[in-house]
Amino acid sequence: MVGKVILLAMRVALAWTFLHAGVLKIWDFAHARPATPDFVVAIQQYRILPSPDLAVLLAVYLPWVEIFAALGLLLRPVRLGAATIISALMTIFIIALSSAWMRGLRIECGCFGRDGAPTDYLALLLRDLCLLAAVVILLVRDWHARQPKDRMMFGDSGRFTLP
C-alpha cells in the first residue's frame, strides 16, 4: 500500500512539474508580442540547432508535448507512452545541458521561465537526473503492470507466437 502511494505521489509530482513548465512556456509565448519569447531565446543560447527557425518551432511545440505527456501520466491507458515521452525529453534536456556546460556557455535553462540568475549547471543536472530517475521508475512499473492482452503477441515467455 505504501508503495502505491509513493508511486502515485511521484506520478502527480512529475505531471505537475511538466504541466507547470509547459503552461509557463505557452504563457510566455502568448505575452511576448512583439518581442521574442524568452523560451526561444533560451533554446538559441544552447547553440545546438542549425537554424533560428527550428528554435521557434521547438518553442511552439515542445510546451504542448510537455502538457499532453504530463496529463498522460495520470491516465491509465496512455501512462506508458507518456512516461516514455517524458524520459526521452529528460534525456535530451540532460544532454543539451551537459553540452552547454562543457562548452562554457552562459545560458538560462528555459524550463520554468527566466530568473536572471547565473546558471548553476550542477544543480540543474541533479534536478534533471532526479526527474529522469522518477520517470524511469514509473516507466518500469507501468511496463510490468501492462494488461495480459498487451502481451498477447509475445506470450508470457517473451517468445514470438501467433495469436
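Computed from a prediction, not measured in an experiment: that's the story for all the values here.

What counts, and at which threshold
Residues numbered from 1 in each chain as written. Predicted model: local features only at pLDDT ≥ 70, side-chain atom pairs only at ≥ 80, totals over all residues. Heavy atoms only, no water. Helix = DSSP H or I, 4+ residues; strand = E, 2+ residues; numbered from the N terminus. Buried < 20%, exposed > 50% of the residue type's maximum accessible area, 1.4 Å probe, protein only. Polar contact = N/O pair within 3.5 Å; in protein donor to acceptor, adjacent residues only side chain to side chain. Contact = heavy atoms within 4.5 Å. 1 Å grid on protein atoms, 1.4 Å probe; cavity = no way out; pocket = protein on both sides within 12 Å on 5 of 7 lines; lining within 4 Å. Points joined across faces, edges and corners; volume = space filled by probe spheres on them. Nonpolar A, V, L, I, M, F, W, Y, C, P; charged D, E, K, R; others polar.

Points about the side chain of Asp 128
Then, number 1: In this fold, Asp 128 is placed in helix α5 (residues 121-144).
Then, number 2: Classification of Asp 128 by relative accessible area gives buried; the value is 3%.
Then, number 3: Within the structure, the side chain of Asp 128 is placed 3.1 Å from the side chain of Arg 127, a separation counted as a polar contact.
Then, number 4: Beyond its immediate sequence surroundings of up to four residues, Asp 128 is in contact with Met 90, Phe 93, Ile 94 and Leu 97.

Digging into empty space enclosed by the protein
Then, number 1: Under the defined criterion, the tally for this structure stands at 1 cavity of 30 Å³ or more.
Then, number 2: A volume near 80 Å³ is recorded for the largest cavity.
Then, number 3: Every residue lining the largest cavity is listed: Thr 17, Phe 18, Ala 21, Glu 66, Met 90, Phe 93, Cys 111, Phe 112, Arg 127, Asp 128 and Leu 131.
Then, number 4: Mapped by element, the contributors of at least two residues to the lining of the largest cavity are α1 (2-30), α4 (79-102) and α5.
Then, number 5: Taken together, the residues of the lining of the largest cavity sort by class into 7 nonpolar, 1 polar and 3 charged.

Section: the side chain of Lys 25
Then, number 1: Mapping Lys 25 onto the fold places it in helix α1.
Then, number 2: For Lys 25, a relative accessible area of 5% translates into the label buried.
Then, number 3: Apart from the residues within four sequence positions on either side, Lys 25 is in contact with Phe 39, Pro 63, Glu 66, Gly 110 and Cys 111.

With respect to the environment of Ala 134
Then, number 1: Along the polypeptide, Ala 134 turns up in helix α5.
Then, number 2: For Ala 134, a relative accessible area of 15% puts it in the buried group.
Then, number 3: Between the C-alpha atoms of Ala 134 and Leu 14, which are 120 residues apart in sequence, the distance is 7.8 Å.
Then, number 4: Beyond its immediate stretch of four places on either side in the chain, Ala 134 contacts Met 10 and Leu 14.

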